[in-house]
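# Results of the structural survey
So you can see what is in the structure, the chains are spelled out below.
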Amino acid sequence: MGRWQDGRATLHIADSTTMTEPVPLEIAASYRARTRGLLGRDGIDGAILLTPAGSVHTFRMRFAIDVAYLDRNLRVLAVRTMKPGRLGAPRLRSRHVLEAEAGAMERWGLRAGGQVTVEA
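Right, let's walk through the structure included here. (Residues numbered from 1 in each chain as written. Predicted model: local features only at pLDDT ≥ 70, side-chain atom pairs only at ≥ 80, totals over all residues. Heavy atoms only, no water.)

Where empty space is left becomes clear once a probe the size of a water molecule has been rolled over the atoms. Computed from the structure, the largest pocket encloses a volume of approximately 320 Å³. In terms of lining residues, the largest pocket is bounded by 18 residues, among which Arg34, Thr35, Leu50, Val56 and His57 are the most central. Among the residues making up the lining of the largest pocket, the classes are represented as 9 nonpolar, 5 polar and 4 charged. (1 Å grid on protein atoms, 1.4 Å probe; cavity = no way out; pocket = protein on both sides within 12 Å on 5 of 7 lines; lining within 4 Å. Points joined across faces, edges and corners; volume = space filled by probe spheres on them. Nonpolar A, V, L, I, M, F, W, Y, C, P; charged D, E, K, R; others polar.)

Structure (structure tokens):
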């Protein structure tokens, strides 16, 4: 994908061992959208992609989230679950961060080394 813009898209998990449906995706590419992220929400249907981003926090969040750190080619570097009130460690090669409700990424079969694609 060329230049990222705020909006909606679809996430596809390429290396999943389980068959998953496409995941509804929100793209947060502007500073304002990345700063807002999931704050003030009680949940999310699907996932949100913060780009560019190398780390995240869960201060003032209402629910635990799964976080996947992605490189420039959308390959998964690491997947972590974060409780509210935590500060995630920055990942050196991370260019994008994918967030979803806790447990979602395990259900999707998303793990380190996997590949995702985004369809606008």
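Past the structure itself, the notes keep going.
The next thing to look at is the pattern of salt bridges. In this structure the tally under the stated criterion is 3 salt bridges. Across the salt bridge formed by Arg8 and Glu26, the nearest N and O atoms sit 3.9 Å from each other. Separated by 18 residues along the polypeptide, Arg8 in strand E1 (residues 7-13) and Glu26 in strand E2 (residues 23-28) bring together distant segments of the chain. Classification of Arg8 as exposed rests on a relative accessible area of 68%. Taking the shortest distance from any N to any O, the salt bridge between Arg41 and Glu26 comes out at 2.9 Å. (Salt bridge = Lys/Arg side-chain N within 4 Å of Asp/Glu carboxyl O. Helix = DSSP H or I, 4+ residues; strand = E, 2+ residues; numbered from the N terminus. Buried < 20%, exposed > 50% of the residue type's maximum accessible area, 1.4 Å probe, protein only.)

So, on to the nonpolar core. Ranked by internal contacts, the top residues of the largest apolar core, which has 22 residues, are Leu25, Leu70, Leu98, Trp108, Leu110 and Val118. Among the secondary structure elements, those contributing two or more residues to this core are E1, E2, strand E3 (47-50), strand E4 (65-70), strand E6 (96-101), helix H2 (104-108) and strand E7 (116-119). Once residues within four sequence positions are removed from consideration, Leu70 is found in contact with Leu49, Arg75, Val76, Leu77, Arg93, Ser94, Arg95, His96, Leu98 and Val116. (Core = buried A, V, L, I, M, F, W, Y, C linked by side-chain atoms within 4.5 Å. Contact = heavy atoms within 4.5 Å.)

Keep in mind these numbers describe shape, not what the thing actually does.
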